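Structural characterization, general
This is what each chain is made of:
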Amino acid sequence: METATQTTGEDAPAPVKIALRNVFKVFGDRPEAAIRMVHEGRGKEEIHAATGCTLGVKDASFDIRAGEIFVIMGLSGSGKSTLLRLINRLIEPSAGEILVDGQDITRMSKRELIALRRRDMSMVFQSFALLPNRTVLDNAAFGLEVAGVGEQERREKARAALQAVGLGAYVESRPDQLSGGMKQRVGLARALASEPTVLLMDEAFSALDPLIRAEMQDELLRLQAEHSRTIVFVSHDLDEAMRIGDRIAIMQHGEVVQVGTPDEIVSSPANDYVRSFFRNVDVTQVFRAGDIARESQVTLIERRGLAVPAALERMRQHDRDIAIVVGRDKTYHGMVSADSLARAARSGAEDPYRRAILAEVEPIAADETLSDVMGKVAESPHPVPVVDADRRYVGAISKSTLLRTLDRSGN
């Protein structure tokens with residue numbers, strides 16, 4: 001028997017794909033002087049007055065993991081698009097390191113940088129930038145054509161990319177025959193045709209109306225589920241960031257003030273600026289069951305020789321009326337109560353734990369949103385168990401845990 005105060009080991013985080021180390025971008029003729037003043041603690045306005053320079057990005061340091069959708073957001077002029085363009089050196093950094101797969105791209109020659117972009121990076125802009133005199137297929141293949149890929153190969157790759165974004169039937173159409181959402185899909189297909197490991201997206205859906213924008217967000221999530229890439233996505237829209245982002249970086253005046261998952265930022269904003277972004281966020285749509293599940297219940301590892309009296313004594317010691325029965329690998333078997341265990345033991349059943357399982361208690365999935373589980377928690381006489389995709393026990397949500405979460409987040 002164990003109590004659930006033991007933590008479940010989490011999967012190791014994905015490797016770092018992109019790393020920024022003390023990256024600056026200074027616009028002006030005296031970047032060294034401006035950076036020196038930053039280290040002296042001088043403010044942005046003071047630096048501009050003294051040097052004529054503007055801080056675009058100030059001392060940015062963070063990691064982007066392989067396979068995640070990393071959203072950079074902030075108000076207009078916060079530096080988010082500048083930061084994105086630094087990652088593939090469309091804009092040259094003034095100082096710092098930008099590592100892609102461990103290689104510092106700030107030290108790459110022009111030829112090496114072009115090879116990296118062709119091999120590993122594609123970019124999708126807000127503007128569709130389609131060539132009106134070319135077919136959809138030729139537009140999707142245009143990047144490969146510029147890269148010198150042969151006609152047959154580039155058309156095959158472009159056709160596959162268009163198929164992936166749902167435009168397989170439109171390969172011979174012209175851009176003026178497409179809707180705005182379809183044009184952006186062509187732009188996305190053009191980026192995907194080179195089979196990049198990194199996709200950079202700068203306000204890619206901002207020009208679309210809300211309904212089509214939501215469809216494109218769904219499309220991006222679908223494509224990511226089918227073929228995981230590292231996606232760096234710039235947005236000024238909070239709903240978009242919360243919907244698609246695995247993690248979010250918040251920028252203010254060129255500085256990255258907080259990086260975290262949506263629920264981390266909602267529950268622990270770094271400052272008033274970040275707090276203002278998330279003031280009206282519906283946390284029931286942000287937090288998931290696994291985020292707030294707690295291993296505060298007694299767990300019983302089902303195995304040969306596990307005695308009911310010992311289990312009941314452990315429950316009594318921890319002042320619990322219920323316990324969670326799990327396998328050695330933490331696979332969830334069910335919930336039992338002190339009463340159901342005692343009844344099963346008195347019945348003389350060979351397998352009292354299976355007999356004692358409370359049939360009315362159903363676990364909930366760790367990835368369910370709080371809005372989906374609030375009713376279940378409210379109606380259940382017991383804390384509701386939470387399981388992961390492999391049905392391993394994650395923890396349980398009690399009414400008090402749920403209320404504390406909502407109260408802490410200001411809802």
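Computed from a predicted structure; not experimentally measured.

**What to know about helix 9 (residues 210-226)**
For helix 9, with 17 residues, the first-to-last C-alpha span of 24 Å sits near the 24 Å given by 1.5 Å per residue. Of the positions making up helix 9, those classed as buried are Arg-213, Met-216, Gln-217, Glu-219, Leu-220, Leu-223 and Gln-224. Looking straight down helix 9, one finds its buried side chains confined to an arc of 160°; they lie on one side. Pointing more than 90 degrees away from the buried face of helix 9 are the exposed residues Leu-211, Ala-225 and Glu-226. By the N-cap criterion, in which a side-chain oxygen at the helix start approaches the backbone nitrogen of a residue two or three places on, helix 9 is capped by Asp-209, the distance to Ile-212 being 3.0 Å.

**Structural notes on the side chain of Thr-401**
Relative to the assigned elements, Thr-401 resides in helix 19 (residues 399-408). What makes Thr-401 buried here is its relative accessible area of 7%. A distance of 3.0 Å separates a polar atom in the side chain of Thr-401 from a polar atom in the side chain of Ser-398. In this view, Thr-401 contacts Ile-292 and Arg-294; residues no more than four positions away in its chain are not counted.

**Some remarks on the UniProt feature "domain: ABC transporter" (unreviewed entry) in the protein**
The UniProt record marks residues 18-278 with the feature "domain: ABC transporter" (unreviewed entry), using the residue numbering of this structure. Strand forms 24% of residues 18-278 and helix 42%; the C-alpha atoms that close the span are 27 Å apart.

**Side note on the sheet that holds strand 17 (residues 393-397)**
The strand order 15-16-17 describes an open sheet built from three strands, whose pairing is mixed. Looking at strand neighbours, the two that pair on one side only are strand 15 (364-365) and strand 17, the edges of this open sheet. The pairing of strand 15 with strand 16 (residues 384-387) spans two bridges and is classified as parallel. Across the sheet, Ala-365 pairs through a bridge with Val-387, a residue of strand 16.

**Things to note about the nonpolar core**
In a soluble, globular protein the nonpolar side chains are often hidden away together inside. With 64 residues, the main nonpolar core has Leu-188, Met-201, Ile-250, Phe-278 and Ile-397 as its most contacted residues. Per element, the largest residue contribution to this core is six residues, and it comes from helix 8 (residues 180-192). In this structure, Met-201 is in contact with Leu-84, Val-124, Leu-188, Leu-220, Ile-231, Val-232, Phe-233 and Val-234, ignoring residues within four places of it in sequence.

**Overview of unusual backbone geometry**
The residue Arg-89 is not glycine, and still its phi comes out positive at about 60°. Within the element layout of this structure, Arg-89 appears in the loop between helix 3 (80-87) and strand 5 (95-100). The class for Arg-89 is buried, based on a relative accessible area of 12%.

**Describing the pairing of strand 13 (residues 322-326)**
Of all five residues in strand 13, five are buried, a share of seventy percent or more. Every second residue of strand 13 is oriented toward a common face, with Ile-322, Ile-324 and Val-326 on one face and Ala-323 and Val-325 on the other, all of them buried. Relative to strand 13, strand 12 (residues 298-301) runs parallel, the two being bridged by four bridges. Paired with Thr-299 across the strands is Ile-324, a residue of strand 13. Bridging between strand 13 and strand 14 (residues 332-337) involves five bridges; their strand directions are antiparallel. Bridge assignment links Val-325 to a residue of strand 14, and that residue is Gly-334.

**Quick look at the pattern of salt bridges**
One pass over the structure, following the stated rule, counts 24 salt bridges. In this structure, Arg-42 engages Glu-40 in a salt bridge whose closest nitrogen and oxygen atoms are separated by 3.6 Å. Its relative accessible area of 34% is what places Arg-42 among the partly exposed residues. Between Glu-145 and Arg-134 there is a salt bridge; the shortest N-O distance is 2.7 Å. Of this pair, Glu-145 sits in helix 6 (residues 142-146) while Arg-134 sits in the loop between strand 7 (121-124) and helix 5 (136-140); the two residues are 11 residues apart in sequence, bridging distant segments of the chain. A residue is classified by how much of its surface remains accessible, and Arg-134, at 22% relative accessible area, is partly exposed. Through salt bridges with shared partners, a single ionic network connects Arg-185, Glu-219, Arg-222 and Glu-226.

Conventions and cut-offs
- Residues numbered from 1 in each chain as written.
- Predicted model: local features only at pLDDT ≥ 70, side-chain atom pairs only at ≥ 80, totals over all residues.
- Heavy atoms only, no water.
- Helix = DSSP H or I, 4+ residues; strand = E, 2+ residues; numbered from the N terminus.
- Expected span 1.5 Å × (residues − 1).
- Buried < 20%, exposed > 50% of the residue type's maximum accessible area, 1.4 Å probe, protein only.
- Arc of directions from axis to C-beta.
- Polar contact = N/O pair within 3.5 Å; in protein donor to acceptor, adjacent residues only side chain to side chain.
- Contact = heavy atoms within 4.5 Å.
- UniProt positions renumbered as here; feature names shortened; annotations may be inferred.
- Pairing = 2+ DSSP bridges.
- Core = buried A, V, L, I, M, F, W, Y, C linked by side-chain atoms within 4.5 Å.
- Salt bridge = Lys/Arg side-chain N within 4 Å of Asp/Glu carboxyl O.

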